[in-house]
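# Survey of secondary and tertiary structure
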Amino acid sequence: MRKEGRKRQVMLAIGLVLVLGLAEAAQAAEKIVIGAMYPMTGRAGRYGIDSVSAAEIAMNEINAKGGVNGRMIDIIFNDSKANPAYSIKVAKRYITEDKVNFLMGVVSSAVGLAVTEVSKENKVIFVGTDHASTALTTEKFQPYYFRVSNNTYQSAAAAALYAKDIKPWKKYYVIGPDYEYGHRTWEDFWMLLGRQRKDVQLVGQAWPKLFEPDYTPYITAILSAKPDVLVTTFWGGDTVAFIKQALPYKLFDKMKFYNYDGGGNYELLEAMPTGLPKGLVLSARHHLNWPDTKQNKEFVAKFKAQTGRYPSYAAEGAYAGVYFIAEGVRQAGTAEDPDKLVAVMEKIKFKLPEDPEGFMSYMRPIDHQIVQVQAIGETVPDKSFPPATMMLGNWKIFKAEEIIPSVAEIEAARKAVKK
Amino acid sequence: MRDDKPGAKYGRDEWAQWGVALVVFAAVPLLGKKHFVNMGNEILVMGLFAMGFNLLYGVTGMLSFGQAAYYGVGAYTVGLLLSKGVAPFWVALPATMAVGGALALVLGPLCIRLSGVYFTMLTLAFAEMVWGIVFKWYDFTGGDNGIQGIPMPEALHSPLRYYYFTLAVVFVSFWLIRRIVDSPFGAVLQSIRENPERTGFIGVKVRRYQLAAMVLSGVFAALAGGLFAGYQHSIHPDMLHWTKSGEVILMSILGGVSSFFGPLMGAGIIVFIEDMIGKYTEFWEIWIGGIMLAIVIFFPRGLIGTFDTWITRWRNHGKHAETAARP
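Residues numbered from 1 in each chain as written. Chains lettered and ligands numbered in written order. Predicted model: local features only at pLDDT ≥ 70, side-chain atom pairs only at ≥ 80, totals over all residues. Heavy atoms only, no water.

## With respect to the pattern of salt bridges
One side chain can pair with another of opposite charge once the charged atoms of both are near each other. Scanning all chains against the criterion turns up 30 salt bridges over all chains. Here K89(A) and E274(B) are joined by a salt bridge, their closest N and O atoms 3.5 Å apart. One end of the pair, K89(A), is in helix α3 (residues 84-96); the other, E274(B), is in helix α12 (residues 262-280), on a second chain. For the residue pair K89(A) and E274(B), the accessibility class agrees, reading buried in each case. The shortest N-O distance in the salt bridge between R197(A) and D199(A) comes to 2.7 Å. (Salt bridge = Lys/Arg side-chain N within 4 Å of Asp/Glu carboxyl O. Helix = DSSP H or I, 4+ residues; strand = E, 2+ residues; numbered from the N terminus. Buried < 20%, exposed > 50% of the residue type's maximum accessible area, 1.4 Å probe, protein only.)

What follows is the structure, given as C-alpha cells:
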C-alpha cells in the first residue's frame, strides 16, 4: 500500500514538473530576453552590482506598465569576471542555450571588444552600457552594436573645451593606469586641447600599472615637476588610493587635479567622507545631483530606496540600456528580427535621467554611439548624499554636438584601419 | 614503483578510460545542444593543456607555475598569423608547436638551474615577463585589448566541424603523450620525479631530460592555445596571466596527477562548474573554493586517482577473502 502511494506521489511530482516546465516554456516564448554580463566581483564589482540593480529597476518599471507591446522583459545576469574569454563563453551560452534577444552590459572595454565579435557572428544585438573605448564605435564598429553611455572621446572633448578657457593651466602633468583606457583618455584630450591652445606644455607623465598599491614615488616626481594641473585618468579604487596617498604631500594645494572621465564617480565621493579636498575638477557619466530634473531625482531616490545605497555612474548606463532595448522593440514591433531592429534603434531618441531640461539623448546612425550632454564640476561641500560630504558643483555644461567626433573623422579612422 | 603512476602499462582500466572518453566526446553533439558542443570544445582544449602540463608535473615532478606563457604564445601565434594574413590556419596551428617549443628552449635552461619551489618561482617570473610584453606591445599584439575577429578557414566555420577537428587533434595528442610516457624516455622522466640524484648517479643527464620535458609540455600547451584561438576567434593577454597557470594546476590536481586521464577529467569539472555556478550565482568563487576544499580533504589523490584506489582495494579485498578461504 505504502509503495503504491509513493509511486503515485512520484508520478504526480513528475506530472507537475512537466506542466510547470511547459507553462514556463510557453511564457518564455513571449518574453523579451536580455542576456546581461557585468563584473560582480573584484575591483570593478561595484560598477557591475550597481548596473544589475539599475537594470532590474528599469525592467520592473517597464513590466509594471504592461511590458513592451504586451511582452514582458526578462533579464538574465551572469558575472563577466571582467574576463574576455569567460564573457565570450557566457555570451555564446546566452545565444545558443537561453535564446536571448539581446546582449547587454560589460564594464571592461576589452570584454566589450570580445563580446561585440560574438554579436556580429551571431547577429544578436549587443547594447553596451558602460565600457568607454572609442574603438568599439569607430575602428571595430559592427552594425549590431550600440552604446548608450559616453565614450572616452566625448569626455576628453568636453574636458578639452573646459581646459581651453582656463588661461593659468599651462603646464600639464599626466598620470594614469598603464593600459589602453588610461592612455587613450589622455591622448584624445591632449590632441584636442593642442588644436585650441598653443601655449600648453606637458612637463611630465607617469603610467603606473592598473591597481597599483603605492603611488608615493610618482607623487614626489609630480611635485618636483611643478605642473599647474595634474590630469589623471584613474578610475574606481585607483582614484581613491591616489588622492589618499597624495594628501600628506599637500599636492592639492600646489596644483589643480583634473579627472574628467571616471573621477567624479559617486564611488570616490562616498569613499572619502573626510579629507576629500575642495576644488578637484571631476566628471563622470552620470551625477546624482545633476541635472536637477524630476526624472534624475526619481531615479536616484528609487535606486536608494531599493538597494540602500546611492548609485555609482554605471547604474544609469544599465538603466538606459534596458529602456533603449524596450524602445527599439516597441518601434520595430519585433524582438526577433535584428536587421529591422537595427534600422529603428539607430534613430532612437529618448529621455534619460542624465539629460538636462530640453535635451534628449539620441543614437547616431554612423557609429551607433549615443550623443549626450557632458557636465564637468568641482568638489564643493555638500551633505545631501551621505556619507559623502563633498559633491560636485560649479558645473560647466558642454553641448552634446560639440563633443562628438565628426562623421568625416570616424570615416577616416575606419579607413586607416582597413589599410 | 607504484603501479598507478602514469608510466604503468595499459591496464584493462585505462583502455576502458580511452574508450569512455572517446565515446563521450564523440557523442556530445548528438545531444543536439550547441551549448554542449561549445563546452565540449573548451573541455578538450583545456584538457590538452592540462595533460601537457601533467607531462611536466605528474610525470617528471616539476611544478611549473608558468605554463600559461606557452598556452598564450600558442594562441597569439594563431591570432597574429591569421589576423595579419601571413599564413593560413593549417600552417599557423602546427606553427604554434614550434613556437611553444622554441620558447621553452629559451626559458627552460634558465628555469631548470634550480629545483623545487625555486624552479616554480622562476617559471612564474618568466611567464609574467611574457605576459607583460604581450600586454604592453600595442602595435604588435594589440595590448590589453587583445585580437578579435580572427579569420578562420571556411571549412572550420561551423562550431560542430571545429569541434570534431579539435577532438581529432586532441586525441592524437593524448596518444602521443601516452607514447612518450610509456617510452624509455618517459621512464627516465619518472625516475627523475622519484629521485633526481639517484637518476643522475646512473649516468642520466638530468637537466637535459628536464629541459626535454619542458619543451614537450610547452609544445602541447601552445597547441592547446592555438586551438582555443581558433575556437573563440578572440584572444587576450589574460590567457598568459598567472591565474591561467594556476587554473591548469588546479585542473590537474582535481582530476588526479597520477592518473593518465586525471587532468582531462579535472578540466571537464572546472569548465562545467564555472558554467553552471556562474549561471546561478555571482558567488561562484565560494563554490569553487568549497569544492576544492572538499576534494583536497576527501579525494587527496584527485578524483580518478581516488576512484582507482577504491577499485583496487575492493578487488584486493575479494582476493584476500579467497586466499583466506583456502586451507
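Okay, back to it.
## Points about a nonpolar patch on the surface
Judged by side-chain polarity, L114(B), V117(B), Y118(B) and M121(B) come together as a nonpolar surface patch covering roughly 430 Å² of accessible area. Considering the arrangement of structural elements, one finds M121(B) in helix α5 (residues 116-136). (Patch = residues over 30% accessible without salt bridge, like charges linked within 9 Å, V, L, I, M, F, W, Y side chains within 5 Å. Areas by Shrake-Rupley, 256 points an atom, 1.4 Å probe, with all protein chains shown as cover.)

## A closer look at the packing of α3(A) against α12(B)
The geometry of α3(A) relative to α12(B) is characterised by a closest axis approach of 12 Å and an angle of 65° between their N-to-C directions. By the angle class used here, α3(A) and α12(B) are roughly perpendicular. Read as a crossing pair, α3(A) and α12(B) show a hand that is right-handed. In this structure, α3(A) uses Y86(A), K89(A) and R93(A) to contact α12(B), whose residues at the interface are V271(B), E274(B), D275(B), G278(B) and K279(B). Taken together, the residues of the contact of α3(A) with α12(B) sort by class into two nonpolar, one polar and five charged. (Axes fitted to C-alpha atoms, helices over the stretch in contact; angles between N-to-C directions. Parallel < 35°, antiparallel > 145°, perpendicular 65-115°, else oblique. Left-handed = near helix turned anticlockwise from the far one by under 90°. Contact = heavy atoms within 4.5 Å. Nonpolar A, V, L, I, M, F, W, Y, C, P; charged D, E, K, R; others polar.)

## Brief notes about the interface of chain B and chain A
Every contact between the two is made by 27 residues of chain B and, on the other side, 27 residues of chain A. Between chain B and chain A, a total of about 2,600 Å² is buried, with carbon and sulfur atoms accounting for 50% of that surface. When the buried surface of chain B facing chain A is broken down by residue, N145(B), Q148(B) and Q232(B) rank first, second and third, together holding 21% of it. The tally of links from chain B across to chain A stands at six salt bridges. Across the pair E42(B) and K89(A) runs a salt bridge whose closest N-O atoms are separated by 3.4 Å. Taken together, the connections running from chain B to chain A amount to 14 residue pairs in polar contact (both at pLDDT 80 or more). Going through the elements one at a time, α2 (34-59), α5, α10 (206-232), α12 and α13 (284-298) of chain B are the ones with two or more residues in the side of chain B that touches chain A. Counting residues per element, the side of chain B that touches chain A draws most heavily on α12(B), which supplies five residues. Split into classes, the residues belonging to the side of chain B that touches chain A amount to six nonpolar, 10 polar and 11 charged. (Buried area = accessible area lost by both parts, 1.4 Å probe. Polar contact = N/O pair within 3.5 Å; in protein donor to acceptor, adjacent residues only side chain to side chain.)

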